[in-house]
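# Chains, contacts and geometry: an overview
As a plain string of letters, each chain reads:
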Amino acid sequence: MLIATYDKLLVVVSLLVAILASYTALDMAERINTTSSQHSRAARFWLSGGAVAMGVGIWSMHFIGMLAFRLPIALGYDAWITVLSLLIAIATSGYALWIVTRPQLPLRRLFGSALLMGSGIAGMHYTGMAAMRMQPGIDYELPLFLVSILIAIAASAAALWIAFSLRRNTPHVQAARAGASVVMGVAIVGMHYTGMAAASFPIGSVCMSAREGVGIGWLAILIIVVTLAVLTIALLTSVLDARLESRTAKLARSLAEANEELTQMVLHDHLTKLPNRTLLEDRLTQSINKAARSNGHFALMFMDLDGFKAINDSLGHHVGDRLLVEVARRLTTTTRAHDTVARLGGDEFVILVDLARPDDAMPVAEKLVEAVNQPFRVGEHELRVSASIGIAIYPEDGSTRHDLVINADAAMYHTKRAGRNGYNFFEPSMNANAHHQLQWLQDLRAALERKQFRLVYQPKFSLPDGPVLGAEALLRWQHPERGLVGPDEFIGLAERSGLIIPIGAWVLDEACRQMHEWLTLGYTDWKIAVNLSAVQFADPHLVEVVRSALERHQLPPPCLTLEVTESTAMHDTEASLETLQKIADLGVEIAIDDFGTGYSSLLYLKRLPANELKIDRGFVRDLSDGTEDAAIVSAIVALGRTLNLRIVAEGVETERQQQFLTAVGCDALQGYLMGRPMAPDLFLQTMREQHKSAA
């Protein structure tokens, strides 16, 4: 027998090529598995490319091992048979990759596939051996021959199981693939060299391919370079594609998150995260369709928070926002999961409740009112609000979204007018009131543009001799249909709608204009008084509005007196003190109106930069010696004297009242006894006549 030797360097190279080919195969399995569920065309591309790369790698390991084989005769290889062995390697690799990318790999399939793949690898090896075309033929030792085939089958089973297990891109998978590649490479090389060891070459053997076939001199280098290039390109392509897919996946996730966030923003209130008007309309439509199909019922509850505006104005919007979040949380926990709690804006909420019977809405409304009535802890503040709820039932109170919303809103305003803090079911009569309020609001909005507001002036008289001190400006609305309307009929609506801010600014401007006109006529001792509503007083632009009115009409600030009710001034004392001080810094005088009707702290009262106290007409109306009202008036006058404030009594209608107020020391009187509110020209004429008669 001819003695065979091996080129140790090529043996090592064949082992490295086997390991690299195994790693490429494992990576390709992951790429095929990733793309197969998304793009079948891409999966076929990776399967074909992976089969070529893996087949070339395994075949190259085999052929480099063949090139490492040395005999004391010239050797060569038949080109066509060699190509056939390469095709067997590629086909076997393609089958292996296809198997490991199946959803499941049961033992029966694993063993069958290992048998087929092992036979293919063995066939590649022995076909490559046949490419030498030895004469006489190669003798194989049967035991080693069978062992090599068993090694091929076992190696194939191990490779298939490892590839199937590591086909997903999980944490630490790269390290696992590297270790598995070494195991697979050693197994494949072991099969090859076992098969080589099984071959025997009789003395006198001749290689028929030595002259006609391909020589081994430069072929080893060429195969090594080409194989490494193929495997490297395959790996780089796989890595780059994996990175591109990872970035694409991240971008897709980012787009999905952005889309979800955008949907959240479009359909939900940004503050409370509750459904907004858009989402509410969609759910209301769904509820109508569902109830219409099943002849069912549901309730639409319109809720408004009582007392929220005062908290928001006095403590700031940040506190108001946190309170709204707490209210939303409490409403959500009070209702069922399949009910809808939505926020329309401001302090308005809508609750959509499925009902078995229409009467079932009553306990739900009671729970909501009770939940809102409990105190809220917002930072260092313990806050209390209440809920006014209006309820409309489908289909009794409306079969469309518009009708249900309008009727629930009308029922809510009925609750407001009835005293708040409760609920009312819609009744047809409420619609008339709702339409009346809506028309009244529309007329009020147009009143400023159409210059329908008027100021009338009620004189103030000094005691005891009674010269005119000036006038209080009182607002009237010259309605085109209802005639002259007093403030009691529209100020509340103006405050609720926010129109009191522009109306109040107009009153200030007109009063300053009129006072400047009187100044030019020589009435330099007069002052003009203007009332500020609670909403107007809380307006952060109030001081600037006052300053602008004074500058516009060149009116000396001491000629203007701003009247603030006691309850308004004492609502949020620190904020009120700051606002009043800014007004006083302008030089404008301040009067505390309706004194005695609210709850005052003397500690804060003495800090107010006020110039005047006005005794409420409620104390003056029933005034007589020895009554409680007389004692209260006397105490107010004494308090005002102590604080160096002017004391003005309003609502004086009888001489008895005038005498008593003069006796206790009031500085000025105002009321129908001395003069009713008058238009400015009549006011001036009347004051002139009284001045002449007094002279």
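Residues numbered from 1 in each chain as written. Predicted model: local features only at pLDDT ≥ 70, side-chain atom pairs only at ≥ 80, totals over all residues. Heavy atoms only, no water.

### Remarks on the sheet that holds strand E13 (residues 422-425)
If you trace the 5 strands from one edge of the open sheet to the other, you get E8-E9-E7-E12-E13, paired in mixed fashion. Every interior strand has two partners, whereas the edge strands, strand E8 (340-345) and E13, have only one. Ignoring strand direction, the axes of neighbouring strands in this sheet form an average angle of 20°. (Pairing = 2+ DSSP bridges. Helix = DSSP H or I, 4+ residues; strand = E, 2+ residues; numbered from the N terminus. Axes fitted to C-alpha atoms, helices over the stretch in contact; angles between N-to-C directions.)

### Focus on the side chain of Glu 650
The residue Glu 650 is located in strand E21 (residues 646-650) in this model. Given the relative accessible area of 4%, Glu 650 is considered buried. Only 3.4 Å separates the side chain of Glu 650 from the side chain of Lys 614, close enough to count as a polar contact. When sequence neighbours within four positions are dropped, the list of residues in contact with Glu 650 reads Glu 472, Asp 593, Asp 594, Lys 614, Ile 615, Asp 616, Arg 617, Val 620 and Gln 670. (Buried < 20%, exposed > 50% of the residue type's maximum accessible area, 1.4 Å probe, protein only. Polar contact = N/O pair within 3.5 Å; in protein donor to acceptor, adjacent residues only side chain to side chain. Contact = heavy atoms within 4.5 Å.)

### Concerning the pairing of E8
In terms of burial, E8 is a largely internal element, 5 of the 6 residues being buried. Where E8 meets strand E9 (residues 348-355), 5 bridges bridge the pair, whose relative direction is antiparallel. Bridging from a neighbouring strand, Arg 343 pairs with Phe 349 of E9.

### Focus: unusual backbone geometry
Between Tyr 394 and Pro 395 the backbone carries a cis peptide bond, its omega angle lying at 0°. In this structure, Lys 273 takes a positive phi of about 65° despite not being glycine. When you line up the elements, Lys 273 lands in the loop between helix H8 (219-267) and helix H9 (277-294). Positioned with a positive phi, Gln 554 is a non-glycine residue whose angle comes to about 50°. Topologically, Gln 554 is positioned in the loop between helix H18 (542-552) and strand E18 (560-565). By relative accessible area, which is 66% here, Gln 554 ends up exposed.

### Quick word on the packing of H9 against helix H13 (residues 401-417)
Axis separation between H9 and H13 bottoms out at 10 Å; the angle between their running directions is 110°. Classified by the interaxial angle, the pair formed by H9 and H13 is roughly perpendicular. Judged by residue contacts, Glu 281, Leu 284, Thr 285 and Ile 288 of H9 engage Arg 401, Leu 404 and Val 405 from H13. The residue inventory of the contact of H9 with H13, partitioned by class, reads 4 nonpolar, 1 polar and 2 charged. (Parallel < 35°, antiparallel > 145°, perpendicular 65-115°, else oblique. Nonpolar A, V, L, I, M, F, W, Y, C, P; charged D, E, K, R; others polar.)

### Points about helix H12 (residues 361-373)
Here H12 contains 13 residues, and its C-alpha end-to-end distance of 18 Å stays within 8% of the 18 Å for a straight helix at 1.5 Å per residue. Residues Ala 361, Ala 365, Leu 368, Val 369, Ala 371 and Val 372 constitute the buried set of H12. Each buried residue of H12 lies within a common arc of 160° when the element is viewed along its axis, so the set occupies one face. The outward face of H12, more than 90 degrees from its buried face, is lined by the exposed residues Lys 367 and Glu 370. On its buried face, H12 is in contact with strand E7 (297-306), helix H11 (317-334), E9, strand E10 (376-378), strand E12 (386-394) and E13. (Expected span 1.5 Å × (residues − 1). Arc of directions from axis to C-beta.)

### Description of the packing of aromatic side chains
If you walk through the whole model with that rule in mind, you get 13 aromatic pairs. With a centroid separation of 6.2 Å and an interplanar angle of 40°, the aromatic rings of Phe 453 and Trp 506 are classed as tilted. Of this pair, Phe 453 sits in strand E14 (residues 453-462) while Trp 506 sits in helix H16 (residues 500-520); the two residues are 53 residues apart in sequence, bridging distant segments of the chain. According to the relative accessible area criterion, Phe 453 is buried, its value standing at 4%. Consider the rings of Trp 477 and Phe 490, whose centres lie 5.5 Å apart with planes at 80°: the pair is edge-to-face. With a gap of 13 residues between them, Trp 477 in strand E15 (residues 468-479) and Phe 490 in the loop between strand E16 (483-485) and helix H15 (491-497) connect regions that are remote in the sequence. According to the relative accessible area criterion, Phe 490 is buried, its value standing at 0%. Ring-pair connections join several aromatic residues into one group, and the members of that group are Trp 440, Phe 453, Trp 477, Phe 490 and Trp 506. Its end group placed over the ring of Phe 376, Arg 330 keeps NZ or CZ at 3.7 Å from the ring centre. Sitting above the plane of the Tyr 672 ring, Arg 676 keeps its charged end 4.0 Å from the centroid. (Phe/Tyr/Trp six-rings, centres within 6.5 Å; stacked < 30°, edge-to-face > 60°. Lys NZ or Arg CZ within 6 Å of the ring centre and 35° of its normal.)

### Observations concerning the pairing of E21
Along a regular strand, successive side chains alternate from one face of the sheet to the other. Among the 5 residues of E21, 4 are classified as buried, and the element is accordingly described as predominantly covered. Pairing geometry for strand E20 (residues 612-615) and E21, over 4 bridges, is parallel. Residue pairing across strands places Leu 613 opposite Ile 647, the latter belonging to E21. Summarising the sheet, E21 and strand E22 (residues 668-670) pair through 3 bridges and their orientation is parallel. From the neighbouring strand, Ala 649 faces E22, where its bridge partner is Leu 669.

### Topic: the nonpolar core
Counting residues in each nonpolar core, the largest one holds 79 residues, and the members touching the most others are Leu 560 and Leu 661. When residues of this core are assigned to their parent elements, the largest contribution, 9 residues, is made by H16. Residues within four places of Leu 560 in sequence aside, it is in contact with Leu 508, Cys 512, Ile 528, Val 530, Val 546, Leu 550, Val 588 and Glu 589. (Core = buried A, V, L, I, M, F, W, Y, C linked by side-chain atoms within 4.5 Å.)

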